[in-house]
Amino acid sequence: MRTIVGAVLLAGLPVLALAQQPAQVPPILQAGAGASAGAAEVRAAAGASAPSDHAGGSATALASVGSGGATAFGATGPAAGVGAVPAKMPPPIRLLSPSAPLNPKESRGIGLARRWAAAPYMPHADADGVIRFPFGATLPTVVCAPWQSCDLALQPGEVINNISLGDANRWLILPGVSGSPAGQISHIVIKPSDAGLVSSLTIYTDRRTYAVKLVSTQARWMPLVGFTYRDDAQAQWGAYRATVGVSMATGAGGFGAAGAGNLDFGFRLAGDAPSWRPLRVYSDGAKTYIQFPHTIAFGAAPALVGLSSGGGWFSSPAKQMVNYRIAGDRYVVDQVLDRAELVSGVGSGQQRVLITRDGAK
């Protein structure tokens, strides 16, 4: 009997020793318990009852740890949880400084500029689809869109000296030239990088200064844009007076010796039929005038060469240089042409129009 009792006591000694040792809690649960205790103190300070230190408190700590909340890692209050909104938002960032104050003279200038930009001079469309603004009458606007190319053409013979772009980071401006060297047309190709942009473009040429507003949309755009010029009309009237021999000294309506009846329209056209084919050719006895359609402003202006009276079945007539200039929609040649040729393009795509005066050998 004593042997049995002794064996039972010896078997129970490790259990008793283990019961007398303090319970070992994993570190992660200790941290959760501390966080629960901190949260309990905050709630107690606010007047709420603290949770139990037994099963309820352990469950709260485990839930906090399991959910990944910040309270399981030493946070001292609910305000430090994930997604908490700060008590005070940071002030907004100013992209621009406040405007400078304007005196009455400066305000007057701004008002005049706005009135000019909003002047009710509407653009019109030519038969070739070009949207034309009257130069100087109002502020022209080029509307473009991303992935599109908008073309702004200047007056024939006008040369661009410089440009100034308001937003050079989001607008791409490229130069372009069309026509022959005798009648080149300068173009400006405009491409925005995004929609919803508003900027300005200033163009400095050898004749004038352009101020253009740039606007970008998602899909709407203006492919071809140009201008109408009052000096074009004046040049045409000047050519008319020179053609019909108006004597400026005799007052309005006075005709000189040349007169309108002395114009020679006896010229024939042959060859290809390009878009720039002349409308008519005539002479006043000293000069030859070649009138083109208005669409030549956006096409390739042809080169003019004189042709000798030679040539035959196996040889072409010799080409001769002639002096001519552009006046509006006309070539003004400083001689009476007997035979000449207008040439555009190169290679197989070359187009030719032959001009022959009646009675020429």
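Nothing here was measured: the structure is a model prediction, and the numbers come from that model.

Draft legend 1. Region of the structure containing the nonpolar core. Formed by 20 residues in total, the largest nonpolar core has its most connected members in Leu152, Ile190, Ile203 and Val212. Counting residues per element, the ones that place at least two in this core are strand S3 (141-144), strand S4 (150-153), strand S6 (171-178), strand S7 (185-192), strand S8 (198-205), strand S9 (209-216) and strand S10 (224-228). It is S9 that provides the largest number of residues to this core, a total of 3 residues. Apart from residues lying up to four places away in sequence, Ile190 is in contact with Val142, Cys144, Gln148, Ser149, Cys150, Leu152, Trp171, Leu172, Ile173, Leu201 and Leu214. Judged by nonpolar contacts, the second largest core, of 17 residues, contains Phe292, Ile296, Ala301 and Val333.

Draft legend 2. Highlighting the sheet that holds S9. Taken together, 4 strands build an open sheet; the order of strands is S3-S9-S8-S5 and the sheet is mixed. If you trace the sheet from one side to the other, it starts and ends with S3 and strand S5 (160-165), each paired once. Sheet twist, expressed as the average angle between the axes of neighbouring strands with direction ignored, equals 25°. Bridge analysis of S5 against S8 gives 5 bridges, and the strand direction is antiparallel. Of the residues in S8, the one forming a bridge with Ile163 is Ile203.

Draft legend 3. Structural context of the state of the cysteines. According to the stated counting rule, one finds 1 disulfide in the structure shown. One disulfide bridge connects Cys144 with Cys150, the sulfur atoms lying 2.3 Å from each other. Residues Cys144 and Cys150 are joined through a disulfide that is right-handed, its torsion about the S-S bond being 105°. Taking the relative accessible area as the measure of exposure, Cys150 reaches 0% and is therefore buried.

Draft legend 4. Broad picture of the pattern of salt bridges. Using the criterion set out here, one finds 8 salt bridges in the structure. Note that Arg132 and Asp126 form a salt bridge whose closest N and O atoms lie 2.4 Å from each other. Residue Arg132 is classed as buried on the basis of its relative accessible area, which comes to 10%. Of the residues examined, Asp126 reaches a relative accessible area of 25% and is grouped as partly exposed.

Draft legend 5. How the structure looks around the packing of aromatic side chains. Summed over the entire model, instances satisfying the criterion amount to 9 aromatic pairs. Centroid distance Tyr282 to Tyr289: 5.2 Å. Interplanar angle 20°. Geometry classified as stacked. For the pair Tyr282 and Tyr289, a shared accessibility class is recorded, and that class is buried. Of the aromatic side chains, those joined through ring pairs into one cluster are Phe135, Tyr210, Phe227 and Tyr229. Its guanidinium or amino end placed over the ring of Phe135, Arg208 lies 5.1 Å from that ring's centre, counting from NZ or CZ.

So, how was this worked out
- Residues numbered from 1 in each chain as written.
- Predicted model: local features only at pLDDT ≥ 70, side-chain atom pairs only at ≥ 80, totals over all residues.
- Heavy atoms only, no water.
- Core = buried A, V, L, I, M, F, W, Y, C linked by side-chain atoms within 4.5 Å.
- Buried < 20%, exposed > 50% of the residue type's maximum accessible area, 1.4 Å probe, protein only.
- Helix = DSSP H or I, 4+ residues; strand = E, 2+ residues; numbered from the N terminus.
- Contact = heavy atoms within 4.5 Å.
- Pairing = 2+ DSSP bridges.
- Axes fitted to C-alpha atoms, helices over the stretch in contact; angles between N-to-C directions.
- Disulfide = S-S within 2.5 Å.
- Salt bridge = Lys/Arg side-chain N within 4 Å of Asp/Glu carboxyl O.
- Phe/Tyr/Trp six-rings, centres within 6.5 Å; stacked < 30°, edge-to-face > 60°.
- Lys NZ or Arg CZ within 6 Å of the ring centre and 35° of its normal.

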